[in-house]
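Structural overview
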Amino acid sequence: MASSFFDEWCETKATKVDGLHSLHLLRERDDVRSSLEKQIDSTVASHYEDPRRLSERIARVGLPCAAELLREMFPRSKRARSGHLGEIFATEAAPAILKGFQIPIKRLRWLDGREAALRGEDLIGIEQTSRNVRFLKGESKSRSNLTPAVVAEAREMLAANDGRPSQHALGYIMHRLFELQQDELAIVFEEFMLLKPIPTRQVVHLLFTLSGNDASAALTADLKACSPEIEQHAVTLRIADHQKFIASVFDRMSRYAS
């Protein structure tokens, strides 16, 4: 997997649904979570600030000031924390499960405020080969009790814009990549935003869930209802102590940043 903590933390089981789409079950390995806390926390923190930039800031202004700034980026409400962690884990799991795709930016680094919600798709990925470009359009949902209605909300977002990434999402990533001086990749997004249509055969959908209950039945039913026109993947990570786990991650990061 692209993210080593997922490799060590979870077992992955993939099954085909009606021979067309794929359901990926992430199951926590027994008694390993506590040994991976630092890896999980550092990965989550990296979605709010580039580790290199944070290190440089610590050198300039000292650890207490740099830590305070980082701490101000973390959400406080349970709802925002749950949503952020779902999006973070989706972003980390996507290239680990769907080999060849990369997620070009970590969106939470550009968040307007700690409780703010970002517009548009939860994640956009890209796969480039010598012959083809494919886009990954993803939605994440995090709930203590994830219901079919919540899965339906995510499916509605994935189906929007005829299943393709929105112009807003493509443009947002394009601008961020130019800012990061990743011009070559930015130009690919620019071309598909302004010059080339994206055929559905070049689109893959990902629906990621982080939940306290078993969401596999709801996701299987959702995949069965999907047409074969767009390749579909559903990924579910069940954390039985969902709310406690989320609180512990942000509480630890706040302490580390103190």
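In what follows, the structure referred to is the one given above.
Residues numbered from 1 in each chain as written. Predicted model: local features only at pLDDT ≥ 70, side-chain atom pairs only at ≥ 80, totals over all residues. Heavy atoms only, no water.

A few words now on empty space enclosed by the protein. Unfilled space is identified by rolling a water-sized probe across the atoms. The final tally for this structure, using the stated rule, is one cavity of 30 Å³ or more. Space inside the largest cavity adds up to approximately 30 Å³. As for the largest cavity, its lining consists of His-47, Glu-87, Ile-88, Thr-91, Lys-106, Arg-107 and Leu-108. A per-class count over the lining of the largest cavity returns two nonpolar, two polar and three charged. (1 Å grid on protein atoms, 1.4 Å probe; cavity = no way out; pocket = protein on both sides within 12 Å on 5 of 7 lines; lining within 4 Å. Points joined across faces, edges and corners; volume = space filled by probe spheres on them. Nonpolar A, V, L, I, M, F, W, Y, C, P; charged D, E, K, R; others polar.)

Another aspect to go through is the packing of helix H2 (residues 37-46) against helix H5 (residues 78-97). Contact geometry for H2 and H5: axes closest at 10 Å, N-to-C directions at 100°. Between H2 and H5, the angle falls in the class roughly perpendicular. Packed against H2, whose contacting residues are Ile-40, Thr-43 and Val-44, the element H5 presents Leu-85, Ile-88, Phe-89 and Glu-92 at the interface. Here the residues of the contact of H2 with H5 sort into five nonpolar, one polar and one charged. (Axes fitted to C-alpha atoms, helices over the stretch in contact; angles between N-to-C directions. Helix = DSSP H or I, 4+ residues; strand = E, 2+ residues; numbered from the N terminus. Parallel < 35°, antiparallel > 145°, perpendicular 65-115°, else oblique. Contact = heavy atoms within 4.5 Å.)

Our next topic: helix H9 (residues 216-224). Residues of H9 that are buried include every one of Ser-216, Ala-218, Leu-219, Asp-222 and Leu-223, and no others. The arc that holds the buried residues of H9, viewed along the axis, is 160°, so those residues lie on one side. Opposite the buried face of H9, by more than 90 degrees, sit the exposed residues Ala-217 and Lys-224. The secondary structure elements touched by the buried residues of H9 are strand S1 (10-17), strand S2 (21-28), helix H6 (148-159), strand S5 (203-211) and strand S6 (231-238). (Buried < 20%, exposed > 50% of the residue type's maximum accessible area, 1.4 Å probe, protein only. Arc of directions from axis to C-beta.)

Remember that side chains alternate between the two faces of the sheet whenever the strand is regular. Where burial is concerned, most of S2 is hidden: six out of the eight residues are buried. In terms of strand pairing, S1 meets S2 through eight bridges, oriented antiparallel. Opposite Thr-12, over in S2, you have Leu-26 as the bridge partner. Counted between consecutive antiparallel strands, the loop separating S1 from S2 contains three residues, among which Asp-18 sits at a positive phi close to 55°. Both S2 and S6 contribute to a ladder of five bridges, which runs parallel. Opposite Leu-23, over in S6, you have Ala-234 as the bridge partner. (Pairing = 2+ DSSP bridges.)

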